[in-house]
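Architecture at a glance
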Amino acid sequence: MTMTTAAAPASACLARYSFRRNVLEKDRTYSLYPDQLVVEEEGVPIQAIDLARVRKVHLKYERTKQRAYFLCAISGGAQNLELKHIHFGGILKLEDRRETYTPFVRALLLAMAGRPGVQIKAGSMLNFITAIVGIPLTLGLGLVMLMLDQWAGMGAAALLLVMCLSVIRRSRPRTVDPANPPAAFLP
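Residue numbers here run from 1 along each chain, matching the order of that chain's written sequence. Residue-level local features of this predicted model are given only where pLDDT is at least 70; pairs of side-chain atoms are given and counted only at 80 or more, and the full residue set underlies all totals for whole chains, interfaces and linings. Note that water and hydrogens are dropped before the side-chain values are worked out from all heavy atoms of the structure.

**As for the pairing of strand β6 (residues 56-63)**
- Pairing geometry for β6 and strand β7 (residues 68-76), over eight bridges, is antiparallel. Considered in β7, the bridge of Lys56 is made with Ser75.
- Pairs of strands are assigned from DSSP output, requiring at least two bridges between the strands. Each helix is a run of DSSP H or I of at least 4 residues and each strand a run of E of at least 2, with the numbering of both proceeding from the N terminus. Examined bridge by bridge, β6 and strand β11 (residues 119-122) share four bridges and lie parallel to one another. Bridge pairing in β11 places Leu59 opposite Ala122.

Below, the structure is given as structure tokens:
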């Protein structure tokens, strides 16, 4: 993606989204225009990313030990951006920004729809494969625990099985219709 310091006029803005990725970073505002994505951060020169250079937009639902969040990864060339629907307002202060995140991502998908060579995808191959492999493993573990009369271990295996089954639907890799993205990938 080409980075410049020129910005488009505010009247042509299709959508805007602002969030802070973590406590150590400052707020960033992402403004979508018909031909570029402008990134503004206090104390940093304005960056304009040419949408013609974007090669992939990838929607994901990620779950960590601490939280679950929706992610939109934009990549092309050496520059990659990750937008999350969670904003870090301070230490232990998370804000859900789905009211502005979802319209921004929908506008981005529509802006990228007609561009040649752009992949618009959803899901996570790693999470999908992990869940598929985890199902027979947790079933086997549950059966071993049942034969050993270990009810707590069987309960833990059942919980892991439910987690694997719930991950499959959201993580299945697929191509996305920009006009109708899967509801599982937008808050």
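**Observations concerning the pattern of salt bridges**
- By definition, a salt bridge exists where a carboxyl oxygen of Asp or Glu is found within 4 Å of a side-chain nitrogen of Lys or Arg. Taken as a whole and judged by the stated rule, the model has five salt bridges.
- Between Arg21 and Glu25 there is a salt bridge whose closest N-O contact spans 3.4 Å.
- For the exposure calls, accessible area comes from a 1.4 Å probe over protein chains only, and a residue counts as buried if that area is under 20% of its type's maximum, exposed if over 50%, partly exposed in between. Its relative accessible area of 21% is what places Glu25 among the partly exposed residues.
- Between Arg98 and Asp96 there is a salt bridge; the shortest N-O distance is 2.8 Å.
- Among the residues examined, Arg98 registers a relative accessible area of 35% and is labelled partly exposed.
- Judged by relative accessible area, Asp96 falls into the partly exposed class, the value being 38%.
- It is possible to trace a salt-bridge network through shared partners that takes in Arg21, Glu25, Arg28 and Glu41.

**Concerning the packing of aromatic side chains**
- Here the aromatic set is Phe, Tyr and Trp, taking the six-membered ring for Trp, and pairing holds for ring centres within 6.5 Å; pairs whose planes are under 30 degrees apart are stacked, those over 60 apart are edge-to-face, and all others are tilted. Counted under the stated rule, the structure contains five aromatic pairs.
- Connected via pairs of aromatic rings, a cluster forms that spans Tyr17, Phe19, Tyr30, Tyr101 and Phe104.
- Lying over the aromatic face of Tyr69, Lys84 brings its terminal NZ or CZ to 4.7 Å of the ring centre.
- It is Arg170 that lies over the ring of Tyr61; its NZ or CZ is 4.0 Å from the centre. A ring is considered to have a charge above it if a Lys NZ or an Arg CZ atom is located within 6 Å of its centre and within 35 degrees of its normal.

**Observations concerning helix α3 (residues 151-171)**
- Helices are assigned an expected span. That span is 1.5 Å times one less than the residue count. Given a rise of 1.5 Å per residue, 21 residues ought to cover 30 Å, and the 30 Å separating the end C-alpha atoms of α3 matches this to within 8%.
- Taken residue by residue, α3 has Ala157, Leu161, Cys164, Ile168 and Ser171 as its buried positions. Down the axis of α3, the buried side of the element spans an arc of 110°, and every buried residue falls inside it. What points out from α3, more than 90 degrees from its buried face, is the exposed set Trp151, Ala152, Leu159, Val162 and Arg169.
- Throughout, a contact is declared for two residues whenever any of their heavy atoms are within 4.5 Å. In this fold, the buried residues of α3 make contact with α2 (125-147). The arc in question is traced by the directions running from the helix axis to the C-beta atoms.

**Regarding the packing of α2 against α3**
- At a minimum axis separation of 8 Å, α2 and α3 run at an interaxial angle of 160°. The pairing of α2 with α3 is recorded here as roughly antiparallel in orientation. In this structure, α2 meets α3 at a crossing whose hand is left-handed.
- Throughout, the ten residues Ala, Val, Leu, Ile, Met, Phe, Trp, Tyr, Cys and Pro are labelled nonpolar, Asp, Glu, Lys and Arg are labelled charged, and all others, Gly among them, are labelled polar. The residue inventory of the contact of α2 with α3, partitioned by class, reads 18 nonpolar, six polar and no charged. Interaxial angles span 0 to 180 degrees and are taken between N-to-C directions of axes, which are lines fitted to C-alpha atoms, for helices over the stretch in contact. Between 65 and 115 degrees an angle is taken as roughly perpendicular, under 35 as roughly parallel, over 145 as roughly antiparallel, and anywhere else as oblique. If you view the pair so one helix is near and one far, a crossing is left-handed when the near helix is turned anticlockwise from the far one by less than a right angle, and right-handed when it is turned clockwise.

**Section: the environment of Thr100**
- Assignment of secondary structure puts Thr100 in helix α1 (residues 98-112).
- For the pair Thr100 and Thr175, spaced 75 residues apart in sequence, the C-alpha separation works out to 24 Å.
- Aside from chain neighbours lying at most four places away, what touches Thr100 is Arg16 and Tyr17.

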